[in-house]
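Chain by chain, the residues run as shown.
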Amino acid sequence: AMVVGPLSDAEALAVRDAAEVSRVPVIMSLPNLGAVTTPSLRYVYRITGSYQTHSAAGWYAARKLNARNAALIISDYAAGREAADAFRLAYEAAGGSVGMTVRVPLGVADLRPYLEQLRTTQGVDLVVAPSLLGQGAGLFLQAYAEGGLKGRVPLLVGGQTVAEGDALNALG
């Protein structure tokens with residue numbers, strides 16, 4: 001027997017230990033969280049899925065967009081923080097500086113207080129949302145547009161942020 005999947009980090013963490021105990025190989029392609037696969041695991045394999053895209057975005061923001069002072073807004077859970085770290089490392093190595101990171105708890109419906117932090121911060125020339133998830137992504141994009149940031153401060157988002165149709169519709 002073999003399991004192909006799971007798709008999310010939460011699902012991957014839920015089956016990881018069971019796979020090891022039962023000695024059933026699990027092949028994953030999407031989960032990114034570092035804790036999902038470690039060298040000590042013998043039956044859990046990740047064939048793709050890392051923060052390479054976030055690292056590339058960090059380099060791109062500094063070198064091609066010439067952004068020098070970014071603000072990050074992330075979903076506040078392990079994979080969101082790892083995505084932000086991957087962006088930050090590459091961005092700073094390429095000459096940029098992350099001035100602030102706004103962490104949004106999962107499930108928050110009113111994003112105005114978080115966006116207000118971004119709106120009132122001086123010197124930010126790029127807002128980066130590397131990994132906002134679910135309903136929060138669409139709400140963020142809508143609030144970004146309505147809160148006076150759209151057109152004033154460029155926005156760079158990760159694929160997870162705009163992967164759902166409702167998030168894309170919120171861009172307007």
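First, a word on scope: everything that follows refers to the structure included in this document. Just so you know, these numbers come straight off a predicted model, no measurement behind them.

## A word on the overall build of the protein
For the protein, the count of helices and strands is six helices and seven strands. In the protein, the succession of helices and strands from N to C terminus is β-α-β-β-α-β-α-β-α-β-α-β-α. Going through the 172 residues of the protein one by one, you find that 41% of them count as buried. In the structure as shown, the protein presents an accessible area of about 8900 Å², 55% of it carried by carbon and sulfur atoms.

## Examining empty space enclosed by the protein
Per the stated rule, a full pass over the model turns up one cavity of 30 Å³ or more. There is about 30 Å³ of room inside the largest cavity. As for the largest cavity, its lining consists of His54, Ala57, Phe87, Val128, Pro130, Leu156, Val157 and Gly158. Broken down by secondary-structure element, the contributors of at least two residues to the lining of the largest cavity are helix H2 (52-63) and strand S7 (155-157).

## Quick notes on the packing of aromatic side chains
Using the criterion set out here, one finds two aromatic pairs in the structure. Residues Phe87 and Tyr91 carry aromatic rings whose centres are separated by 5.2 Å and whose planes lie at 25 degrees to one another, so their mutual orientation is stacked. On the criterion of helical spacing, the pair formed by Phe87 and Tyr91 is a turn pair, its members being four residues apart in helix H3 (residues 78-93). Here Phe87 and Tyr91 have matching classes, each one buried.

## Considerations on the sheet that holds strand S6 (residues 126-129)
An order of S5-S4-S6-S7 is seen for the four strands of this open sheet, with the pairing classed as parallel. Single-partner strands in this sheet number two, and they are strand S5 (97-104) and S7. Strand-to-strand, the axes of this sheet are offset by a mean angle of 20 degrees, without reference to chain direction. Strand direction decides the pairing type here: strand S4 (residues 69-75) and S6, joined by three bridges, are parallel. Bridging from a neighbouring strand, Leu72 pairs with Val128 of S6. Running at roughly 165 degrees to S4, H3 makes contact with S4, S5, S6 and S7 of the sheet. Each of S4, S5 and S6 touches helix H4 (residues 112-119); the most contacted strand, S5, lies at about 170 degrees to it.

Reading guide: rules and limits
- Residues numbered from 1 in each chain as written.
- Predicted model: local features only at pLDDT ≥ 70, side-chain atom pairs only at ≥ 80, totals over all residues.
- Heavy atoms only, no water.
- Helix = DSSP H or I, 4+ residues; strand = E, 2+ residues; numbered from the N terminus.
- Buried < 20%, exposed > 50% of the residue type's maximum accessible area, 1.4 Å probe, protein only.
- Areas by Shrake-Rupley, 256 points an atom, 1.4 Å probe, with all protein chains shown as cover.
- 1 Å grid on protein atoms, 1.4 Å probe; cavity = no way out; pocket = protein on both sides within 12 Å on 5 of 7 lines; lining within 4 Å.
- Points joined across faces, edges and corners; volume = space filled by probe spheres on them.
- Phe/Tyr/Trp six-rings, centres within 6.5 Å; stacked < 30°, edge-to-face > 60°.
- Pairing = 2+ DSSP bridges.
- Axes fitted to C-alpha atoms, helices over the stretch in contact; angles between N-to-C directions.
- Contact = heavy atoms within 4.5 Å.

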